[in-house]
Amino acid sequence: MTFTTAALGSLSGLFIGVFSNGVRKLPLFRRPWDHLILMGIMGYGGHKYPQLEDATLERVNAMRAARKLGPLDKNVWGFAVSKQEASQNKD
């Protein structure tokens, strides 16, 4: 997953550079080192994103435990709710 998020981050950095030049009516690859810098920064951000997401989930679960609520499950494709809250909403 980390390679995928890093690759998506790098591609978004490339897109930002090309789009920025396109909006300003400049040649798309006018300064190629800008694209490489953006790709590196966004690739690193994409690489760190899963770690940030896991750390945030741990902090949220600690806060929920202090309030005597069930922990949230790691849910990739939607809202993250605990199994207890999901069963309460079905009633």
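This one's a predicted model, so the numbers in the text were calculated from it and none came from an experiment.

Calculation notes
- Residues numbered from 1 in each chain as written.
- Predicted model: local features only at pLDDT ≥ 70, side-chain atom pairs only at ≥ 80, totals over all residues.
- Heavy atoms only, no water.
- Helix = DSSP H or I, 4+ residues; strand = E, 2+ residues; numbered from the N terminus.
- Buried < 20%, exposed > 50% of the residue type's maximum accessible area, 1.4 Å probe, protein only.
- Contact = heavy atoms within 4.5 Å.
- Areas by Shrake-Rupley, 256 points an atom, 1.4 Å probe, with all protein chains shown as cover.
- Axes fitted to C-alpha atoms, helices over the stretch in contact; angles between N-to-C directions.
- Left-handed = near helix turned anticlockwise from the far one by under 90°.
- Expected span 1.5 Å × (residues − 1).
- Salt bridge = Lys/Arg side-chain N within 4 Å of Asp/Glu carboxyl O.
- Phe/Tyr/Trp six-rings, centres within 6.5 Å; stacked < 30°, edge-to-face > 60°.

(A) Here's a closer look at the overall build of the protein chain. Counting secondary structure elements, the protein chain contains three helices and zero strands. Secondary structure elements of the protein chain occur, N-terminal to C-terminal, as α-α-α. Burial statistics for the protein chain: of 91 residues in total, 19% are counted as buried. In the protein chain, once contacts between residues fewer than 6 apart in sequence are set aside, the share between residues at least 24 apart is 32%. Accessible area for the protein chain stands at about 7,200 Å²; split by element, carbon and sulfur atoms hold 68% of it.

(B) Highlighting the packing of helix H1 (residues 2-23) against helix H2 (residues 32-66). Interaxial distance between H1 and H2 falls to 7 Å at its minimum, and their mutual angle equals 145°. By crossing handedness, the relation of H1 to H2 is classed as right-handed. Residues Thr-2, Thr-5, Ala-6, Gly-9, Ser-10, Ser-12, Gly-13, Leu-14, Ile-16, Gly-17, Val-18 and Asn-21 of H1 lie in contact with H2, whose contacting residues are His-35, Leu-38, Met-39, Met-42, Gly-43, Gly-46, His-47 and Pro-50.

(C) Broad picture of H1. If you check H1, its first and last C-alpha atoms are 31 Å apart, about what 22 residues at 1.5 Å a residue would give, namely 32 Å. Among all positions in H1, only Thr-5, Ala-6, Gly-9, Ser-10, Gly-13, Gly-17, Val-18 and Asn-21 are buried. Structurally, H1 contributes buried residues whose contacts are with H2.

(D) Spotlight on the pattern of salt bridges. Overall, the coordinates contain one salt bridge when judged by the stated rule. Among the salt bridges present, the one from Arg-31 reaches Asp-34, with a minimum N-O distance of 2.8 Å. Exposure remark for Arg-31: the relative accessible area of 36% places this residue in the partly exposed category.

(E) Molecular detail of the side chain of His-35. If you trace the backbone, His-35 turns up in helix H2. Apart from residues no more than four positions distant in its own chain, His-35 is found in contact with Leu-14, Gly-17, Val-18, Asn-21, Leu-28 and Phe-29.

(F) Quick peek at the packing of aromatic side chains. Throughout the structure, instances matching the rule amount to one aromatic pair. A ring pair is formed by Phe-15 and Phe-19, whose centres lie 5.6 Å apart and whose planes are at 25°; its orientation type is stacked. Residue Phe-15 and its partner Phe-19 are both found in helix H1; the two are separated by four residues, about one turn of the helix. Note on accessibility: Phe-15 and Phe-19 belong to one class, exposed.

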